[in-house]
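# Report on the structure
Listed below are the residues making up each chain.
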Amino acid sequence: MTLGDDVLLEIEDEGVATITLNQPDRRNPLSEGISAGLTEAFDEIEDSDARCVIVEGSGGSFSAGGDIEAMIEGIENEVPADERVRTLERSTNELMRRLIDFPVPTVAAIDGPAVGAGANLALACDMQLATEDAVFGFVFRQVGLSVDAGTSYLLPRVVGENVAKELVLTGDIIGADRAHDLGLVNHVYAADEFDEQLEAFVDKIVSGPPIALRHANRLLGEGLEKSLGQALTDEATAQGLVFETADHEEGVSAFFEDRDPEYEGR
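Residues numbered from 1 in each chain as written. Predicted model: local features only at pLDDT ≥ 70, side-chain atom pairs only at ≥ 80, totals over all residues. Heavy atoms only, no water.

## Considering the pattern of salt bridges
Under the criterion given, the structure shown has 11 salt bridges. A salt bridge links aspartate 43 to arginine 98; the nearest nitrogen and oxygen atoms lie 2.8 Å apart. Linking aspartate 43 in helix α1 (residues 32-46) with arginine 98 in helix α3 (residues 81-100), this pair joins segments that are 55 residues apart in sequence. For the salt bridge of arginine 218 with glutamate 222, the shortest nitrogen-to-oxygen distance reads 3.4 Å. A residue pair is termed a helical-turn pair when its members lie 3 or 4 positions apart in one helix, as arginine 218 and glutamate 222 do in helix α9 (residues 210-222) at 4 residues. The structure contains a network of salt bridges with shared partners spanning Arg218, Glu222, Lys226 and Asp234. (Salt bridge = Lys/Arg side-chain N within 4 Å of Asp/Glu carboxyl O. Helix = DSSP H or I, 4+ residues; strand = E, 2+ residues; numbered from the N terminus.)

Here is the structure:
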């Protein structure tokens, strides 16, 4: 399925949805076209039976981040700052909110550069897998800008405030192994085994109980913003809902019968 020309979407019968950023000649920036295509893809996935979403880039890049062509146009046409802020809020910010709160588990499959807002796009996914060729950088300073696309929210939560400041204030580009050491990615694989490892990783999620995993994913995402008491209450509420599912009954039966459960998402 093609969403415009900038984003591709494939939803497999096995429950895997793959979103591909498709401006390879520009290294897949978060242009208005890609942002709109991603939002449309999320709409399609929410109306489907997908159990896991892969977000990837085309042409050997994940995402080069900000749209440099749009920045040049803004300078040359003397577009007022408040208008550019409204565009940022309408496109990139809405996209990041949607992705961070997306109910279906998301996996960023990162090959090549993931920089600036593109690095944040990867971080906004629930999990991150990278090839050895992946590189990361929060390089806003290179174009004379502060941070956006959720950097100040996402990055300190992953690497801590001091390391976040180092990455942003220096603009250093780091390789996949360093990114893994910092917790920016879950796993790093050789390029020639990446597709196989990605498929195996996603299969583990897809084979699980979808309703229960969606609740678990949401609760983990919210946990840092809550008190212990609120977290415990919200967990109990979610369990109350999941106790009523056929998947819970199937899981218990499979455990006692010493077999693999077959979850149907109901």
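Here the narrative resumes, following the displayed structure.
## Observations regarding the packing of aromatic side chains
With the rule as written, the count across this model stands at 3 aromatic pairs. Between phenylalanine 42 and phenylalanine 102, the aromatic rings sit 4.9 Å apart at their centres with planes inclined by 40°, giving tilted as the arrangement. Linking phenylalanine 42 in helix α1 with phenylalanine 102 in the loop between α3 and β5 (106-110), this pair joins segments that are 60 residues apart in sequence. Accessibility assignment for this pair places phenylalanine 42 and phenylalanine 102 in one class, buried. Both rings, one in tyrosine 189 and one in phenylalanine 194, keep their centres 6.5 Å apart while their planes meet at 55°; by these two values the pair is tilted. A relative accessible area of 6% means that phenylalanine 194 is categorised as buried. Between arginine 157 and the ring centre of tyrosine 153, over which it is positioned, the NZ or CZ distance is 3.7 Å. (Phe/Tyr/Trp six-rings, centres within 6.5 Å; stacked < 30°, edge-to-face > 60°. Buried < 20%, exposed > 50% of the residue type's maximum accessible area, 1.4 Å probe, protein only. Lys NZ or Arg CZ within 6 Å of the ring centre and 35° of its normal.)

## So, the domain arrangement of the protein
Interface size, as often reported, equals the accessible area lost upon joining of the parts. Domain boundaries in the protein define domain 1 (7-206) and domain 2 (209-257). Using only C-alpha atoms to locate each centre, domain 1 and domain 2 end up separated by 28 Å. Listed per partner, the contact involves 10 residues of domain 1 and 6 residues of domain 2. Both sides together, the interface formed by domain 1 and domain 2 hides about 650 Å², and carbon and sulfur atoms give 46% of it. (Domains from an automatic or database assignment. Contact = heavy atoms within 4.5 Å. Buried area = accessible area lost by both parts, 1.4 Å probe.)

## As for empty space enclosed by the protein
The full count for this structure, using the stated rule, is 1 cavity of 30 Å³ or more. In this model, the largest cavity occupies a volume close to 40 Å³. Contributing to the lining of the largest cavity are Arg51, Pro105, Ile205, Pro210, Leu213 and Arg214. If one sorts the elements of the lining of the largest cavity by residue count, α9 sits on top with 3 residues. (1 Å grid on protein atoms, 1.4 Å probe; cavity = no way out; pocket = protein on both sides within 12 Å on 5 of 7 lines; lining within 4 Å. Points joined across faces, edges and corners; volume = space filled by probe spheres on them.)

## Here's the deal with the side chain of threonine 131
Of note, threonine 131 is situated in strand β7 (residues 127-131). Since its relative accessible area comes to 3%, threonine 131 is described here as buried. For threonine 131, the contacting residues outside a window of four places in its chain are Ile110, Asp111, Gly112, Ala176, Val188, Tyr189 and Phe194.

## Here's the deal with the sheet that holds strand β6 (residues 113-115)
The strand order across the open sheet built from 3 strands is β6-β8-β9, with neighbouring strands paired in mixed fashion. Each end of this open sheet is capped by a strand with a single partner; those strands are β6 and β9 (173-175). Strand after strand, the sheet turns through a mean of 20° between neighbouring axes, direction not considered. With 3 bridges connecting them, β6 and strand β8 (residues 135-137) associate as parallel partners. (Pairing = 2+ DSSP bridges. Axes fitted to C-alpha atoms, helices over the stretch in contact; angles between N-to-C directions.)

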